[in-house]
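One letter stands for each residue in the lines below.
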Amino acid sequence: MNFETFVFYFFSAILLFAAVRVITARNPVHSALFLVLAFFTAAGLWIMLEAEFLAITLVLVYVGAVMVLFLFVVMMLDINLDRLREGFWNYLPLAAIVAVFMVFEMVVVLGSKHFGLSIVPAPQTHAAGYSNTKELGRLLYTEYVYPFEIAAVVLLVAIVAAIALTMRRRKNTKSQDAAQQIAVRREDRVRLVSMKAEKKEIAPAETGQ
C-alpha cells in the first residue's frame, strides 16, 4: 500500500464516520459540525482526483455559506431535543431495509457492463498548465449539456414549489393586491365636503367698549 492509497482510505474512513454521526448525534449543532467535517474530507478526496475547483467550491459554498446558515438557524431555534428523538429507534428497521436497497442499486449500477468501474481509467497526472475548471466547463456544455439543463430545470421547479408552499394564505395575514391598487379612483379615496364659512363673533372687550 503506497502513501496515496493510505491517504484515500484515511479520508474515506473519516467521511463515513462523519456521515454516520450526522444522523446519530443527539445535538443538532453537533450534527451540523459533523457535516462540515464530511464536506472537508470530501474536498480532500476531490483534491486527490485533481479536481481542485470542485474541492474549493465545496468548501466555500457549502462549508462557508450553507452550513454557517444552518448553524445560525439551529442555534436560534428553540428545539426540544427529547421530543425530536422520540421514536427514532422505531424507524431503524425500515431505514436499514432502505439502506440495503440503496447499496444494492449502487452495486448493480457500478458493476454493470455499461457503468462498471473497470472501464473507467485511473486518474492520470496532467501537466502544470492543465485547467480542471476549463475541462469541467467543456464537459458540462458539450457532452453533458442536456443532463445539465435538465438538472437546472428540476432545481428551478423545486425553488418555485418551495416559494409556492410558503406563500399560502394564512389567517390575519396582510397582503397587497396590485390590481386593486392600479384600479383605484379618486372618488373612492377623496370626498369633498362643502361647508359654510364661519363668522367669528367679536367680544366687547376686543372692540374696546
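Residues numbered from 1 in each chain as written. Predicted model: local features only at pLDDT ≥ 70, side-chain atom pairs only at ≥ 80, totals over all residues. Heavy atoms only, no water.

**Student:** Explain the overall build of the chain residue by residue, including any values.
**Tutor:** Helices and strands together make up the secondary structure of the chain, namely ten helices and zero strands. Each helix and strand of the chain, placed in order from N terminus to C terminus, yields the pattern α-α-α-α-α-α-α-α-α-α. When each of the 209 residues of the chain is scored for burial, the buried share is 12%. Split by element, the accessible area of the chain, about 18,600 Å² in all, is 68% carbon and sulfur. (Helix = DSSP H or I, 4+ residues; strand = E, 2+ residues; numbered from the N terminus. Buried < 20%, exposed > 50% of the residue type's maximum accessible area, 1.4 Å probe, protein only. Areas by Shrake-Rupley, 256 points an atom, 1.4 Å probe, with all protein chains shown as cover.)

**Student:** Lay out the packing of helix H3 (residues 52-76) against helix H6 (residues 132-141) in plain terms, naming residues and giving numbers.
**Tutor:** It is at 8 Å that the axes of H3 and H6 come closest, and there the two elements cross at 90 degrees. On the basis of their axis angle, the class for H3 and H6 is roughly perpendicular. Facing Glu52, Phe53 and Leu54 of H3, the residues of H6 in contact are Asn132, Thr133 and Leu136. Of the residues belonging to the contact of H3 with H6, the class tally is three nonpolar, two polar and one charged. (Axes fitted to C-alpha atoms, helices over the stretch in contact; angles between N-to-C directions. Parallel < 35°, antiparallel > 145°, perpendicular 65-115°, else oblique. Contact = heavy atoms within 4.5 Å. Nonpolar A, V, L, I, M, F, W, Y, C, P; charged D, E, K, R; others polar.)

**Student:** How would you summarise the pattern of salt bridges if you had to cite specific residues and measurements?
**Tutor:** On inspection of all chains with the given rule, the structure shows one salt bridge. The closest approach of N and O atoms between glutamate 135 and arginine 138, which form a salt bridge, is 2.5 Å. In this pair, glutamate 135 and arginine 138 both sit in helix H6, three residues apart, roughly one turn of the helix. Classification of arginine 138 as partly exposed rests on a relative accessible area of 39%. (Salt bridge = Lys/Arg side-chain N within 4 Å of Asp/Glu carboxyl O.)

**Student:** Can you lay out the UniProt feature "transmembrane region" (unreviewed entry) in the chain for me, pointing to particular residues and giving the numbers?
**Tutor:** Summarizing the sequence annotation, UniProt attributes the feature "transmembrane region" (unreviewed entry) to residues 6-24, 31-49, 55-77, 89-111 and 144-165 in the numbering used throughout. A helix fraction of 100% and a strand fraction of 0% characterise residues 6-24, whose end C-alpha atoms lie 27 Å from each other. Across residues 144-165, helical content stands at 95% and strand content at 0%; the span's end C-alpha atoms are separated by 32 Å. (UniProt positions renumbered as here; feature names shortened; annotations may be inferred.)

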